[in-house]
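Working through the structure, step by step
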Amino acid sequence: MGRVWTYWEFDHPLGRTVRIISTPLGIEIFAEDVFSVVAAKLNNEKVVPININPQERYVVMEQEVVKVKTLNFTAINSLKGIVEADLINKFLHWVRTTIRPIFQADYL
């Protein structure tokens, strides 16, 4: 098992919770949360066939260490061929304007 990461939860305007991990390489978002916002019909099992390269991170959830898949900005952007580009752009804009400034100021 690798490093155990801390994640933060944010409320997306569509009423979804989005969980974020701040890594030395940048922000990563739980893949299932990205899909719940931009493409509810996609799921973690469909990530590999559509050539998205998720990271696997360990986090503590409900007092257990679990492995989750996360996506960085590049991986999320590559969903544009499968998901409407406008949805991806709006989601990434929300992350850039709402989430990233918090991490830049407080956590990075």
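First things first, this report covers the structure right here in the doc. (Residues numbered from 1 in each chain as written. Predicted model: local features only at pLDDT ≥ 70, side-chain atom pairs only at ≥ 80, totals over all residues. Heavy atoms only, no water.)

1. So, the nonpolar core
As a reminder, the rule being used: Buried Ala, Val, Leu, Ile, Met, Phe, Trp, Tyr and Cys residues that are joined via side-chain atoms within 4.5 Å together make up what is termed a nonpolar core. Exposure classes here rest on a 1.4 Å probe applied to the protein chains alone. A residue is buried below 20% of its type maximum, exposed above 50%, and partly exposed in between. Secondary structure elements follow DSSP: runs of H or I of four or more residues count as helices, runs of E of two or more count as strands, with numbering from the N terminus. Contacts are residue-level and defined by heavy atoms, with any inter-residue pair within 4.5 Å sufficient.
Judged by nonpolar contacts, the single largest core of 24 residues is most densely connected at Ile29, Val38 and Phe91. Elements represented by at least two residues in this core include exactly strand S3 (17–23), strand S4 (26–30), helix H1 (31–38), helix H2 (73–77) and helix H3 (85–106). A per-element tally of this core places H3 first, with 7 residues. When residues no more than four places from it in sequence are discounted, the contact partners of isoleucine 29 are Val18, Arg19, Ile20, Val34, Lys69, Thr70, Leu71, Ile76, Phe91 and Val95. By size, the runner-up hydrophobic cluster in this structure holds 5 residues, among which are Trp5, Ile21, Phe30 and Val68.

2. Description of the pairing of S3
Rule in force here: Whether two strands pair depends on DSSP finding at least two bridges between them.
By the criterion of burial, S3 is predominantly enclosed, with 6 of the 7 residues buried. With 5 bridges joining them, strand S2 (residues 7–11) and S3 adopt antiparallel strand pairing. Opposite aspartate 11, over in S3, you have threonine 17 as the bridge partner. Once S2 ends, the chain turns through 5 residues before running back antiparallel as S3, passing glycine 15 with a positive phi of about 85°. As paired strands, S3 and S4 are joined by 4 bridges and run antiparallel to one another. Residue pairing in the sheet places threonine 23 in a bridge with glycine 26 of S4. In this structure, the hairpin formed by S3 and S4 is closed by a connection of 2 residues.

Read these as layout, nothing more, since geometry by itself doesn't imply function.
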